[in-house]
Amino acid sequence: MTSGRGVHAAVHFDDMPIGDAYLTHEAVQAVLERQDNLCAGCGTPLDAVSTYFDLRQPVIRGGPHTLGNLAALCPSCHLNHMRRIRGEFADHRNK
């Protein structure tokens, strides 16, 4: 028999949604720990000051807005990631 509170399914941490504007300290720590404090692009050690967090697969391209889709990047890899995404959208618009 169940109480009136309902049943909660277990949610994997990587499947948890992330906020639209700000990442929580817990989300930042989870992503950095998952990546061993290394850049997802090049493996450079990351620090709190110069780490960028980007969605691996942008939402507009069907990627989920979840922790599992979030990557911590160094400034150089972040720039390359953004250039690649912008290039893909520019190519798509020109078709």
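Residues numbered from 1 in each chain as written. Predicted model: local features only at pLDDT ≥ 70, side-chain atom pairs only at ≥ 80, totals over all residues. Heavy atoms only, no water.

**Q** Quick question: what am I supposed to make of the overall build of the protein here?
**A** Within the protein, the regular secondary structure consists of two helices and two strands. Of the contacts made within the protein by residues no fewer than 6 positions apart, 57% connect residues no fewer than 24 positions apart. When the accessible surface of the protein is split by element, carbon and sulfur atoms take 56% of a total near 7,000 Å². (Helix = DSSP H or I, 4+ residues; strand = E, 2+ residues; numbered from the N terminus. Contact = heavy atoms within 4.5 Å. Areas by Shrake-Rupley, 256 points an atom, 1.4 Å probe, with all protein chains shown as cover.)

**Q** Looking at this structure, I do not really get the pairing of strand β2 (residues 70-73). What am I missing?
**A** Regular strands place side chains that alternate from one sheet face to the opposite one. Of the two faces of β2, the one lined by Leu-70 and Ala-72 and the one lined by Ala-71 and Leu-73 are each fully buried. When strand β1 (residues 52-55) meets β2, the two strands line up antiparallel, connected through four bridges. Paired with Tyr-52 across the bridge in β2 is Leu-73. (Buried < 20%, exposed > 50% of the residue type's maximum accessible area, 1.4 Å probe, protein only. Pairing = 2+ DSSP bridges.)

**Q** Would you mind going over the side chain of His-78 with me for this structure?
**A** Take His-78: it is sitting in helix α2 (residues 75-93). Its relative accessible area of 16% is what places His-78 among the buried residues. Setting aside residues no more than four positions away along its own chain, His-78 makes contact with Tyr-52, Asp-54 and Leu-73.

**Q** Help me understand the nonpolar core in this model?
**A** Generally speaking, soluble globular proteins have nonpolar side chains that are buried together. With 13 residues, the main nonpolar core has Cys-39 and Leu-46 as its most contacted residues. Of all elements in the fold, only α1 (25-34) and β2 reach the threshold of two or more residues within this core. Per-element tally for this core: the top contributor is α1, with four residues. Discounting chain neighbours no more than four positions away, the residues touching Leu-46 are Leu-32, Gln-35, Asn-37, Leu-38, Cys-39, Thr-51, Ala-72, Leu-73 and Cys-74. (Core = buried A, V, L, I, M, F, W, Y, C linked by side-chain atoms within 4.5 Å.)

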